[in-house]
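The primary structure of each chain is shown beneath.
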Amino acid sequence: MCLTALVIGFGSIGKRHADILNRMDEFDRVAVLSNQTGLPYETITSLEDISSTNPDYVVIASPTAQHHRQLQFLEAHFEGKKVLVEKPLFVSSNDLQIKHNQIYVGYNLRFHHLLRKIKDAVAGKKLWNIQAFCGSYLPDWRPGRDYRDTSSAKTDAGGGVLLELSHELDYVQWLAGPLEVEYAVSGKVSDLEIDSDDLLLLSGKTEGGARVYISLNYFTRKPVRQIVIDGEGISLQGDLIKNQLSQVVDGEASDYSWSELERNDTYREQHRAILEGDLSRVCSFEEGLNIMRLIENIQRWRN
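Before going into details, it helps to say that this report is about the structure given with it. Predicted model only: the values in this text are computed from it and were never measured.

**Focus: the nonpolar core**
Within the largest apolar cluster, 73 residues are counted, with the highest numbers of intra-cluster contacts made by Ile50, Leu71 and Ile118. If one sorts the elements of this core by residue count, helix H8 (residues 285–299) sits on top with 7 residues. Ignoring any residue separated from it by four or fewer positions in sequence, one finds Ile50 in contact with Leu6, Ile8, Leu33, Ile44, Pro55, Phe73, Leu74 and Phe78. Among the nonpolar cores identified, the runner-up in size contains 24 residues, and Ile20, Leu21, Val32 and Tyr57 belong to it.

Written as structure tokens, this is what we have:
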């Protein structure tokens, strides 16, 4: 394939997408929409300039608060484009109708080999308990930038753990089905100089009856991302940073490690799946909207 890709936004995640796409054989041209100058890519500065690039594939990697306007523009002016929107889909759910393009949402952890292994292991199993934890330190996210000036620190830009760390909300449901919230604590509790939420504590259950506990925060100094699942004949303990999984399934213990797996690998596999039409692990637009509805439900508990 000799395709053209356009990345909208050139912050840390936009740069990551552009660099990955530029190294993929499927693309012979990568352009960027950004107001920055001196970028190592062909650069346009407005949505109206997109027609000059006529991209086959578009990645929206701008601040979350801009996603709706940018998707609306693409729907009004283009047809048949494949578009990946970085998670979360929007700041809040809305009634945007998608008719002309194929829209997907960037929950790339579905492509992590550990979670794929877990999904195979839990298929058909009665699950009792799921615990997911993701904690990291916001000032360390973007070296060289003042965390207080980033979109992550600002509610009106779409920042906060509930939106930016929503991978756990997605993959728990991808593994175990729709989640019903029974109790949640959501708000700012630390001394970080931000106005966005830095903590989520959630308890709920799946349609299958599994109890679910999710904890997300911006203030754990050493990053942690782990999942523990127990059920009938099954116990799983996964570390998504060390890329290690220990499992006991029907009395047989196994340990797995993906030492060579890098963060960019999940993004690359996600891009390739969309391009090839293998959508079994890709988050659809409707699934992305369902995540937004879940987030809004959790926000009602905000302290």
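Now, onward.
**Structural notes on H8**
The end-to-end C-alpha separation of H8 is 21 Å, in line with the 21 Å expected for 15 residues at 1.5 Å each. Those residues of H8 lying buried are Phe285, Gly288, Leu289, Ile291, Met292, Leu294, Ile295 and Ile298.

**A word on the pattern of salt bridges**
Scanning the entire structure with this criterion turns up 13 salt bridges. For Arg272, the salt bridge goes to Glu26, with nearest N and O atoms at 2.8 Å. One end of the pair, Arg272, is in helix H7 (residues 263–276); the other, Glu26, is in the loop between helix H1 (12–22) and strand S2 (27–33), with 246 residues separating them in the sequence. Its salt-bridge partner being Arg268, residue Asp265 comes within 2.9 Å of it at the nearest N-O pair. You can see Asp265 and its partner Arg268 sitting in helix H7, 3 residues apart, about one turn around the helix. Salt bridges linked by common partners bring Arg110, Asp170 and Glu287 together as one network.

**Concerning the sheet that holds strand S3 (residues 42–44)**
As summarised here, the arrangement of the 7 strands in space is S3-S2-S1-S4-S5-S6-S15, forming an open sheet in which the pairing is mixed. Every other strand in the sheet has two partners, leaving S3 and strand S15 (283–284) as the edge strands with one partner each. Across 4 bridges, strand S4 (residues 57–60) lies against strand S5 (residues 82–86) in parallel orientation. Residue pairing in the sheet places Val59 in a bridge with Leu84 of S5. Strands in contact with H7 are strand S1 (3–8), S2, S4, S5 and strand S6 (102–106); relative to S5, the strand with the most contacts, it is inclined by about 150°.

**Things to note about the sheet that holds strand S10 (residues 211–217)**
The mixed open sheet is built from 8 strands, whose spatial order is S8-S9-S10-S7-S11-S12-S13-S14. The sheet terminates laterally at strand S8 (179–187) and strand S14 (252–257), the two strands that pair on one side only. Neighbouring strand axes in the sheet, compared pairwise and without regard to direction, differ in orientation by 10° on average. Pairing geometry for S8 and strand S9 (residues 199–206), over 8 bridges, is antiparallel.

**Some words on helix H3 (residues 67–77)**
Every buried residue of H3 is listed here: His67, Gln70, Leu71, Phe73, Leu74 and Glu75. At its buried positions, H3 is contacted by S1, helix H2 (50–53), S4, S5, S6 and H8.

**Overview of the layout of surface pockets**
Approximately 1,400 Å³ is the volume found for the largest pocket. Taken together, 46 residues line the largest pocket, and the ones lying closest to its centre are Ser12, Ile13, Trp141, Arg263 and Tyr267. At the level of elements, H1, strand S7 (127–137), strand S11 (219–231) and H7 are the ones that each hand at least two residues to the lining of the largest pocket. In terms of residue class, the lining of the largest pocket is built from 18 nonpolar, 17 polar and 11 charged. By volume, the second largest pocket is sized at about 260 Å³. Tallied by class, residues from the lining of the second largest pocket come to 5 nonpolar, 9 polar and 1 charged.

**Some words on the packing of aromatic side chains**
Tallied over the entire structure, the rule returns 6 aromatic pairs. Ring geometry for Trp141 and Tyr218: centres 5.3 Å apart, planes at 85°, overall edge-to-face. Taken together, the positions of Trp141 in the loop between S7 and helix H5 (161–164) and Tyr218 in the loop between S10 and S11 put the pair 77 residues apart, joining distant regions of the chain. Among the residues examined, Trp141 registers a relative accessible area of 27% and is labelled partly exposed. On the accessibility criterion, Tyr218 (0% relative accessible area) is buried. Sitting over the face of the ring of Trp174, Lys119 holds its NZ or CZ atom 4.8 Å from the ring centroid. Just above the ring of Tyr137 sits the side chain of Arg221; from NZ or CZ to the centre is 4.0 Å.

Cut-offs applied
- Residues numbered from 1 in each chain as written.
- Predicted model: local features only at pLDDT ≥ 70, side-chain atom pairs only at ≥ 80, totals over all residues.
- Heavy atoms only, no water.
- Core = buried A, V, L, I, M, F, W, Y, C linked by side-chain atoms within 4.5 Å.
- Buried < 20%, exposed > 50% of the residue type's maximum accessible area, 1.4 Å probe, protein only.
- Helix = DSSP H or I, 4+ residues; strand = E, 2+ residues; numbered from the N terminus.
- Contact = heavy atoms within 4.5 Å.
- Expected span 1.5 Å × (residues − 1).
- Salt bridge = Lys/Arg side-chain N within 4 Å of Asp/Glu carboxyl O.
- Pairing = 2+ DSSP bridges.
- Axes fitted to C-alpha atoms, helices over the stretch in contact; angles between N-to-C directions.
- 1 Å grid on protein atoms, 1.4 Å probe; cavity = no way out; pocket = protein on both sides within 12 Å on 5 of 7 lines; lining within 4 Å.
- Points joined across faces, edges and corners; volume = space filled by probe spheres on them.
- Nonpolar A, V, L, I, M, F, W, Y, C, P; charged D, E, K, R; others polar.
- Phe/Tyr/Trp six-rings, centres within 6.5 Å; stacked < 30°, edge-to-face > 60°.
- Lys NZ or Arg CZ within 6 Å of the ring centre and 35° of its normal.

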